[in-house]
Amino acid sequence: MTNSNTYDALIIGSGCAGLSLALRLADKTRILLLSKVSLTSGSTYWAQGGISAVLDPTDSLESHIQDTLNAGAGLCNLEAVQLTVSHGKKNIQWLNQLGVNFTQIETTNGEKTFHLNREGGHSHRRIVHTADATGKAVSTTLINCAKNHPNITFLENHNAVDLIINTKQDGKEARIQGAYLLNTLTNKVRSIAAKTVILATGGASKVYQYSTNPDISTGDGIALAWRAGCRVSNMEFMQFHPTCLYHPKERSFLISEALRGEGGKLILPDGSEFMHLYDPQKELAPRDIVARAIDNEIKKHGFDCVFLDISHKPADFIIQHFPTIHKKCLSLGIDITQQPIPVVPAAHYTCGGVLTDLHGRTDIPGLYAIGEVACTGLHGANRMASNSLLECLVFAEQAAIDISSTLASIPQPYPLPEWDESQVSDSDEEVVVAHNWDELRLFMWDYVGIVRTNKRLSRAMHRLDILKEEIAEYYGNFRVTGDLLELRNLVIVAELIIRSALLRKESRGLHYTQDYPKSDKSKTISNTVLNPTHFTNGL
Ligand SMILES: Cc1cc2nc3c(=O)[nH]c(=O)nc-3n(C[C@H](O)[C@H](O)[C@H](O)COP(=O)(O)OP(=O)(O)OC[C@H]3O[C@@H](n4cnc5c(N)ncnc54)[C@H](O)[C@@H]3O)c2cc1C
């Protein structure tokens, strides 16, 4: 570090991916680690189910690889799957050594071993967990370790506005130089220079009206990378979690898949089961099948929700295995040991993202993307449950290896330009931003949701074009705010989802369209890759 505005590495995001990378790099690297709000604002903190890894002697790497490939519906990158799965065990041990207190059981010969859950798509029990609040345990442990490291500086309430890239000059290639950051408490923008920048900004599920994700999941990293010139892949594959609590007082509380893994049954209001009509694996079918089944039952009968019932299990088993869900539901007047839980599907996970290689490298030298923001090839057309935290850990390690081996040879960044506010004023119409936020998320839910058609996608595109124009004009005239930046990013993400969905003339994995209800078996299928050099979008 040469001064307080220059670092070796700028990590944008304090979730599992960003924090793991920071801890793996920090001994030899001066790091600035950013969070848009508090350090626990990302999805990581809310993960309930756990992390997948082959730990049971009767399980095998081949089986985990095969399950992941099956879920990915032909679009996984085999190398990415093999890499991720084979690094599972050592990353779980790493977290355990840092202090993550995974739930344990005693074996028949009195030894302690990790308790393993089973979730949809997995053919073995292989999910390590800390009761039903794994993300909280991972997040708080990583934050505590990072806070104790002298080389890691935290910056909360800072929103990355745009990346700064130098253009090709003197025969040198274009490379990342840093980023502009908005302090959302003071509304001032400053530039930070760094030899390397890592996007660890999480997913984009807030582009939909209903989502299990925290408010920060607005696809910022995807939009930042796209504006900077990176390719983005597989954005049509948005995962909808089948079971989000349906309650007027609780917007995005997830009812973990582990509840179905332990025998929870999906039922209609009259108590009848329906999953056998959709898949032989019933409640343990892959998430997309369960989400579509619920969506179909809700739309067919005009119900507000369906129900998930675990009350046939002993009450102390339920309370011991699902303390968080039990407590939350009880606080809303639902005793899950006695009655079924009202549930609806909600946007949950972004399978696509910034295209990277197996070290998290993007198209721009020095710029990396890891965690949910990235498309590494692991998930293909559908993410298997609990593979995402594993991906955060493994690709943080992969990126750390690459960054450590190259950092010494990278020159200090150029002096950065200051943020120019001379042409803009304070907004006198914040209502435009609030209105457009609502409109965007509603039409994405209605037209680009679980079941799609060409007509609905075109309708969404038409509305998006109008929003884009309005937001570009607004952005050009007024001082930036956190809400405006997120809206600008969400509009880009929405466009990438719609364009990718329009390009896929088949149903596959998470992308289901009534116009092409079958998977295309006649030709070699491929991942959808969008290149920003082929588009002009003004944002
Ligand atoms: C309710 C829920 C339950 C889940 N359960 C599981 C599970 O059991 N197992 C599993 O494997 N996966 C689970 N997932 C998915 C998993 O939690 C996420 O994929 C994973 O945590 C993503 O981690 P991340 O580090 O990539 O991003 P996040 O944890 O989302 O962190 C993103 C970070 O980036 C910051 N950020 C974003 N934009 C900006 C910006 N413009 N400027 C500055 N900072 C920014 C945020 O503030 C935050 O710190 C679950 C997700 C949810 C929502």
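What counts and how
- Residues numbered from 1 in each chain as written.
- Predicted model: local features only at pLDDT ≥ 70, side-chain atom pairs only at ≥ 80, totals over all residues.
- Heavy atoms only, no water.
- Salt bridge = Lys/Arg side-chain N within 4 Å of Asp/Glu carboxyl O.
- Helix = DSSP H or I, 4+ residues; strand = E, 2+ residues; numbered from the N terminus.
- Buried < 20%, exposed > 50% of the residue type's maximum accessible area, 1.4 Å probe, protein only.
- Disulfide = S-S within 2.5 Å.
- Axes fitted to C-alpha atoms, helices over the stretch in contact; angles between N-to-C directions.
- Parallel < 35°, antiparallel > 145°, perpendicular 65-115°, else oblique.
- Contact = heavy atoms within 4.5 Å.
- Nonpolar A, V, L, I, M, F, W, Y, C, P; charged D, E, K, R; others polar.
- Near = heavy atom within 4 Å.
- Polar contact = N/O pair within 3.5 Å; in protein donor to acceptor, adjacent residues only side chain to side chain.
- Areas by Shrake-Rupley, 256 points an atom, 1.4 Å probe, with all protein chains shown as cover.
- Pairing = 2+ DSSP bridges.

**Q** Help me out: how do you make sense of the pattern of salt bridges in this one?
**A** Side chains bearing opposite charge may pair, as long as their charged atoms lie close to each other. Per the counting criterion, the structure on display carries 25 salt bridges. Among the ionic pairs, Asp 402 bridges to Arg 361, the shortest N-O distance being 2.9 Å. Here Asp 402 is found in helix α11 (residues 387-406), whereas its partner Arg 361 is found in the loop between β17 (353-355) and β18 (367-369), with 41 residues between them in sequence. Judged by relative accessible area, which is 9%, Asp 402 ranks as buried. Linking Glu 506 and Arg 504 is a salt bridge whose minimum nitrogen-to-oxygen distance equals 2.6 Å. One connected set of salt bridges, linked through shared partners, spans Glu 236, Arg 504, Glu 506 and Arg 508.

**Q** I'm lost on the state of the cysteines in this one. Help?
**A** Every disulfide links exactly two cysteines, by a covalent bond between their sulfur atoms. Scanning all chains against the criterion turns up zero disulfides. As a non-bridged cysteine, Cys 16 has Cys 392 as the owner of its nearest cysteine sulfur, 4.6 Å distant. Using a relative accessible area of 9% as the deciding quantity, one classes Cys 392 as buried.

**Q** Whenever I open this one, the packing of helix α4 (residues 88-98) against α11 confuses me. Can you help?
**A** For any two helices packed against each other, one specifies the crossing angle of their axes together with the interaxial distance. Interaxial distance between α4 and α11 falls to 10 Å at its minimum, and their mutual angle equals 90°. Between α4 and α11, the angle falls in the class roughly perpendicular. Contacts from Gly 88, Lys 90, Asn 91, Trp 94 and Leu 95 in α4 reach Leu 390, Leu 393, Val 394 and Glu 397 in α11. Among the residues forming the contact of α4 with α11, the class breakdown is five nonpolar, two polar and two charged.

**Q** Please clarify how the site of the ligand should be interpreted in this entry.
**A** Surrounding the ligand, one finds 40 residues, the nearest of these being Thr 44, Gly 50, Asp 220, Glu 372 and Ser 388. Ala 160 places a main-chain nitrogen or oxygen 2.9 Å from a nitrogen atom of the ligand. Here the ligand loses 99% of its free accessible area of 1000 Å² to cover by the protein chains. Taken together, the elements giving at least two residues each to the shell around the ligand come down to α1 (16-25), β9 (158-166), β16 (341-350) and α11. Ranked by residue count, the leading element in the shell around the ligand is α11, at four residues. Considered class by class, the residues forming the shell around the ligand number 14 nonpolar, 22 polar and four charged.

**Q** What is the right way to look at the sheet that holds strand β3 (residues 51-52) in this model?
**A** Strand pairing in a sheet relies on backbone hydrogen bonds, with the paired strands running either antiparallel or parallel. Here three strands make up an open sheet; going across it, the order is β3-β7-β6 and the pairing antiparallel. Of all the strands in the sheet, the pair left with one neighbour each is β3 and β6 (116-117). Looking at chain direction, β3 and strand β7 (residues 127-128) are connected through two bridges and run antiparallel. When the bridges of β7 are listed, Ser 52 appears paired with Ile 127.

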